[in-house]
Amino acid sequence: MSVSQIIRLPPLPSIRDLIKLYKLRAMKELSQNFLMEPRLISRIVRSAGSVKDCEVCEVGPGPGNITRSIIQNMPSRVLIIEKDKRFTPSLELLAESSPVPLELIFGDVMNFNLEQMFNEDNKMEWEDKCPQIHLIGNLPFNVSTPLIIRWLKAISERKSAWRYGRVRMTLTFQKEVAERMVAPIMTKERSRLSVMCQNWCRVEHKFNIPGRAFIPKPNVDVGVVRLTPLKKPIINLPFDIIEKVIRSVFSYRQKHCIRGVETLFPKPVREQLASELLIAAAIEPSTRPFQLTVSEFGRICEAYMSICKEKPDYMKYNYREQKSDENWPDVKINNSDSSENIISINEY
């Protein structure tokens, strides 16, 4: 980007000076780490693509170091959501000095609805190009994974920020988490998070930031990831069904996938239905979860849905929460026909 394409902020105290002035100690209990290296800060913003004339929502701005870089890239408007009110003086100073509109909102992004946050003129149809809206954030480690799962659900339902279309996200994660998000099949990083992210988004691990670039220095490096929602998910089923199936299958990551599939059903019918499900999905029972593609998980989800349509009670079954299967319907396996097992379930 040329100099003429960068907004110059008026003279401001450096972030380092503001941290000292207001005694802004990073709080371990909030997993806070301040990124101080300007070159890396600028690279995070560039990883989002062009934000010129776009609305940008930054989550977790802290003292405002990334915010400054966002402003310099000439967005039409900046919104920042911060939970920690200790950063008020630094962020208000930046808002007063910003040559572009900057709105400071205090709240917990984990419970924040972005439904009415952006200009309706920027709204796009889902199948069209991405709207002129970006989400950017250097997230605390204790928030990043739960937040992206929450946002994937919002993407699947086209709610919150995704009411405006396929809004892009550029976020930081622990390096190991970033690697899991993009991991292909047959790799040790392949996980539940890999399948969830890749089902709804194009995921790009842009670059890594060494832990020594942060204050205080975390014990891990950080990965910058850009996620662009897909026009159509690979598995086009309700989020909760997909999440439940993937979580169950990966509950035995190193074992044959049939072990995880079995946990979808109560004990009396577990082996029988798991076998039938994998036959219907055309999946070898000896396949391990990290060997399965997103499309193959889709076939497992479809087969599970088909079984649950016949017996809706199975949809409520939760292997981890269920203390006992004694209260589930009595199940009998009729083996009178050696070529086919017939399942009969007595109602409560």
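Residues numbered from 1 in each chain as written. Predicted model: local features only at pLDDT ≥ 70, side-chain atom pairs only at ≥ 80, totals over all residues. Heavy atoms only, no water.

The name given to the protein in an unreviewed UniProt entry is rRNA adenine N(6)-methyltransferase, with Aphis gossypii as the source organism. For the record of the protein, the UniProt heading Sequence similarities (unreviewed entry) holds the text "Belongs to the class I-like SAM-binding methyltransferase superfamily. rRNA adenine N(6)-methyltransferase family." In its Subcellular location (unreviewed entry) section, the UniProt record describing the protein reads: "Mitochondrion". (UniProt positions renumbered as here; feature names shortened; annotations may be inferred.)

Q: I'd like a description of the packing of aromatic side chains, backed by residues and values.
A: Under the defined criterion, the tally for this structure stands at six aromatic pairs. When the ring of F250 is compared with that of F297, the centres are 5.6 Å apart and the planes differ by 15°; the resulting orientation is stacked. In this pair, F250 is assigned in the loop between α8 (239–249) and α9 (257–262) and F297 in helix α11 (residues 294–310), connecting sequence segments 47 residues apart. Taken individually, F250 and F297 each receive the classification buried, so the pair is uniform in this respect. In this structure an aromatic cluster arises from ring pairing among F265, Y304 and Y314. Over the aromatic face of Y164 sits the side chain of R163, whose NZ or CZ is 4.5 Å from the ring centroid. Cation over ring: R259 sits above Y252, and NZ or CZ is 4.4 Å from the ring centre. (Phe/Tyr/Trp six-rings, centres within 6.5 Å; stacked < 30°, edge-to-face > 60°. Helix = DSSP H or I, 4+ residues; strand = E, 2+ residues; numbered from the N terminus. Buried < 20%, exposed > 50% of the residue type's maximum accessible area, 1.4 Å probe, protein only. Lys NZ or Arg CZ within 6 Å of the ring centre and 35° of its normal.)

Q: Describe in detail the pairing of strand β3 (residues 77–82), supporting the description with residues and values.
A: Most of β3 is tucked away, with five of its six residues classed as buried. When strand β2 (residues 55–59) meets β3, the two strands line up parallel, connected through five bridges. Across the sheet, residue E58 finds its bridge partner in β3, namely I80. With helix α3 (residues 65–72) bridging β2 and the parallel β3, this β-α-β connection has right-handed handedness. (Pairing = 2+ DSSP bridges. Right-handed = clockwise from strand over helix to strand, strands pointing away.)

Q: Just give me the short version of the UniProt feature "binding site: S-adenosyl-L-methionine" (unreviewed entry) in the protein, but keep the residues and values in it.
A: The feature "binding site: S-adenosyl-L-methionine" (unreviewed entry), as given by UniProt, occupies N33, L35, G60, E82, D108 and N138 in the numbering adopted here. One can find L35 in strand β1 (residues 34–35). You can call L35 buried: its relative accessible area is 2%. Sequence-distant contacts of L35, defined by excluding residues within four places in its chain, comprise L40, I41, I44, N65, N138, I209, A213 and F214. Separated by 3.0 Å, the side chain of D108 and the backbone nitrogen of M110 make a polar contact. (Contact = heavy atoms within 4.5 Å. Polar contact = N/O pair within 3.5 Å; in protein donor to acceptor, adjacent residues only side chain to side chain.)

Q: Can you lay out the packing of α8 against α11 for me, pointing to particular residues and giving the numbers?
A: The packing of two helices is summarised by the inter-axis angle and the distance between the axes. Two numbers describe how α8 lies on α11: the axes approach to 10 Å, and their chain directions differ by 110°. Taken as axis vectors, α8 and α11 run roughly perpendicular relative to one another. Crossing of α8 against α11: the hand is right-handed. Residue-level inspection shows I241, I242, K244, V245, I246 and V249 of α8 in contact with α11, the latter providing F297, I300, C301, Y304 and M305. Residue composition of the contact of α8 with α11, grouped by class: 10 nonpolar, no polar and one charged. (Axes fitted to C-alpha atoms, helices over the stretch in contact; angles between N-to-C directions. Parallel < 35°, antiparallel > 145°, perpendicular 65-115°, else oblique. Left-handed = near helix turned anticlockwise from the far one by under 90°. Nonpolar A, V, L, I, M, F, W, Y, C, P; charged D, E, K, R; others polar.)

Q: An account of the sheet that holds β3 is requested, with residue identities and associated values reported.
A: Hydrogen bonds between backbone groups are what pair the strands of a sheet, and the pairing can be parallel or antiparallel. Reading across the sheet, the seven strands line up as β4-β3-β2-β5-β6-β9-β7 and stay open at both edges, with mixed pairing between neighbours. The open sheet terminates on both sides in strands that have one partner only, identified here as β4 (102–106) and β7 (201–209). For this sheet, the mean inter-axis angle between neighbouring strands, taken without regard to orientation, is 20°.

Q: Explain the side chain of D84 to me, using residue names and the numbers behind them.
A: Structurally, the position occupied by D84 is in the loop between β3 and α4 (88–97). Among the polar contacts made by the side chain of D84, one reaches the side chain of R86 at a distance of 2.8 Å.

Q: Could you give me a rundown of the pairing of strand β6 (residues 168–174), with the residues and numbers involved?
A: With six of seven residues buried, β6 lies mostly within the body of the structure. The pairing of strand β5 (residues 133–137) with β6 spans four bridges and is classified as parallel. Bridged to G137 within β6 is L171. Read from β5 through helix α5 (residues 141–157) to β6, the crossover connection turns out right-handed. When β6 meets strand β9 (residues 222–229), the two strands line up antiparallel, connected through six bridges. Bridge pairing in β9 links F173 to G223.

Q: Explain the environment of K83 residue by residue, including any values.
A: For K83, the position within the fold is in the loop between β3 and α4. When its relative accessible area of 52% is taken as the criterion, K83 is described as exposed. Along the chain, K83 and P61 lie 22 residues apart, while their C-alpha atoms are 9.3 Å from each other. The residues contacting K83, other than those within four sequence positions of it, are G107 and D108.

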